[in-house]
Amino acid sequence: MTPLIRLAGVTKTLKGQEQPRTILAGVDLTVHSGDSVAILGRSGSGKSTLLSVIGLFDRPDEGQYLLGEQDITRIPERKAAALRSAEFGFVFQRFFLLKHLTAAQNVAMALVNGQGWLSRRKRKAKVLAALDRVGIAHLAKHKPPRLSGGEQQRVAIARALVREPRILLADEPTGALDTETGNLVVEALRATTDHGCGLVLVTHDRDHAAKMGRVLRLSDGLLNPAAERVVV
Ligand SMILES: Nc1ncnc2c1ncn2[C@@H]1O[C@H](COP(=O)(O)OP(=O)(O)OP(=O)(O)O)[C@@H](O)[C@H]1O
Ligand SMILES: [Mg+2]
């Protein structure tokens, strides 16, 4: 089966400071439909840099990046922006919800930006389905100030899911949550892979990482299987 994405020998060097710093030194990563991949690594090891290359916010210096069978290594920004919204969903440590809108309206915002025209009924059905996938359909009418941190993050995940991305990229999505709430969020993320989504989760939490199908560690610019893999 063709992988969703394949990075081979990807490098990224940051220039502009006193001397260039190599952040990614030849990263290989293949993600298939239904895969869940955790990325561990110490602060500053380049995890967010790698996610921004995968999510097409940045391009590799060298190496190759395939999306399905399409070579997108050197794709121009205009096309990258279109692929970003069609193929990728993003979840960050901060939820970035709009306070004065309900959970459903926050999720619907993702449809307004870029899905073409949808009837009101179809839009509502998609929004409720996305909220339901993360277990919070009953909170559709609540505004963020009335939601817990974990609930807010699940609204953010629903917002990422509503466009039915092929790949979900999550950068420390539990960083602002307590352990128990974080567990719920990680389970909601993992469950997205049951529907064929590919998930790449950057985390500092080894227990959360262990819930993914594969655990990798970014170190010295390279991605390798994490030594501390716990079999669950
Ligand atoms: N825009 C930038 N300009 C200069 N240096 C940067 C920039 N973005 C990242 N860096 C540097 O690149 C390195 C990797 O950063 P990155 O944010 O990818 O690490 P990280 O593994 O995500 O860290 P953390 O766990 O703290 O989030 C760091 O040393 C950082 O200082
Ligand atoms: Mg980071």
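Residues numbered from 1 in each chain as written. Chains lettered and ligands numbered in written order. Predicted model: local features only at pLDDT ≥ 70, side-chain atom pairs only at ≥ 80, totals over all residues. Heavy atoms only, no water.

- Per an unreviewed UniProt entry, the recorded name for the protein chain is Putative ABC transport system ATP-binding protein, and the organism is Saccharothrix tamanrassetensis.

## Examining unusual backbone geometry
Alright, step 1. Not every positive phi belongs to a glycine, and L56 is a case in point at roughly 65°.
Alright, step 2. You will see that D220, though not glycine, has its phi angle at about 50°, which is positive.
Alright, step 3. In this fold, D220 is placed in the loop between strand 9 (214-219) and strand 10 (222-225). (Helix = DSSP H or I, 4+ residues; strand = E, 2+ residues; numbered from the N terminus.)

## Points about the nonpolar core
Alright, step 1. One finds V107, V127, L131, L168 and L189 to be the most contacted residues of the largest nonpolar core, which totals 41 residues.
Alright, step 2. Listed by contribution, the elements that provide at least two residues to this core are strand 3 (36-40), helix 3 (103-112), helix 4 (120-133), helix 5 (149-161), strand 7 (167-171), helix 6 (179-191) and strand 8 (198-202).
Alright, step 3. When near neighbours in sequence (up to four residues on either side) are disregarded, L168 contacts G89, F90, V91, A160, L161, L189, T192, C197, G198, L199 and V200.
Alright, step 4. Ranked by size, the runner-up nonpolar core spans 31 residues in total, among them I5, V37, F90 and L216. (Core = buried A, V, L, I, M, F, W, Y, C linked by side-chain atoms within 4.5 Å. Buried < 20%, exposed > 50% of the residue type's maximum accessible area, 1.4 Å probe, protein only. Contact = heavy atoms within 4.5 Å.)

## A short note on helix 4
Owing to its 3.6 residues per turn, the α-helix aligns residues three or four sequence positions apart on the same side.
Alright, step 1. Compared with an ideal rise of 1.5 Å per residue, which puts 14 residues at 20 Å, helix 4 spans 20 Å between its outermost C-alpha atoms and is within 8% of the ideal.
Alright, step 2. Among the residues of helix 4, those classed as buried are V127, A130 and L131. Buried residues along helix 4 cover an arc of 100° about the axis, so they all sit on one side. Facing away from the buried side of helix 4 by more than 90 degrees, the exposed set consists of R121, K122 and D132. (Expected span 1.5 Å × (residues − 1). Arc of directions from axis to C-beta.)

## Remarks on helix 5
Alright, step 1. Taking 1.5 Å of rise per residue, the 13 residues of helix 5 would be expected to cover 18 Å, and the 18 Å separating its terminal C-alpha atoms lies within 8% of that figure.
Alright, step 2. Within helix 5, 10 of the 13 residues are buried, which leaves it mostly tucked inside the rest of the structure.
Alright, step 3. When helix 5 is considered as a whole, its buried residues turn out to be G150, Q152, Q153, R154, V155, A156, I157, A158, A160 and L161.
Alright, step 4. Those residues of helix 5 that are buried lie in contact with strand 6 (88-91), helix 3, helix 4, strand 7 and helix 6.

## Some points on the side chain of T203
Alright, step 1. Within the secondary structure, T203 is located in the loop between strand 8 and helix 7 (206-209).
Alright, step 2. Residue class for T203 comes out buried when judged on its relative accessible area of 3%.
Alright, step 3. Sequence-distant contacts of T203, defined by excluding residues within four places in its chain, comprise I39, L40, E172, H208 and A209.

## A word on the site of ligand 1
Alright, step 1. Contacts to ligand 1 come from 14 residues, most closely from R21, S43, G44, K47 and T49.
Alright, step 2. The separation between an oxygen atom of ligand 1 and a polar side-chain atom of K47 is 2.7 Å.
Alright, step 3. Contact between ligand 1 and S48: an oxygen atom at 2.9 Å from a side-chain N or O atom of the residue.
Alright, step 4. Here ligand 1 has 630 Å² of accessible area as a free molecule, and 59% of this is covered by the chains.
Alright, step 5. Of all the elements, helix 1 (residues 47-54) adds the most residues to the shell around ligand 1, at three residues.
Alright, step 6. In terms of residue class, the shell around ligand 1 is made up of two nonpolar, eight polar and four charged. (Near = heavy atom within 4 Å. Polar contact = N/O pair within 3.5 Å; in protein donor to acceptor, adjacent residues only side chain to side chain. Areas by Shrake-Rupley, 256 points an atom, 1.4 Å probe, with all protein chains shown as cover. Nonpolar A, V, L, I, M, F, W, Y, C, P; charged D, E, K, R; others polar.)

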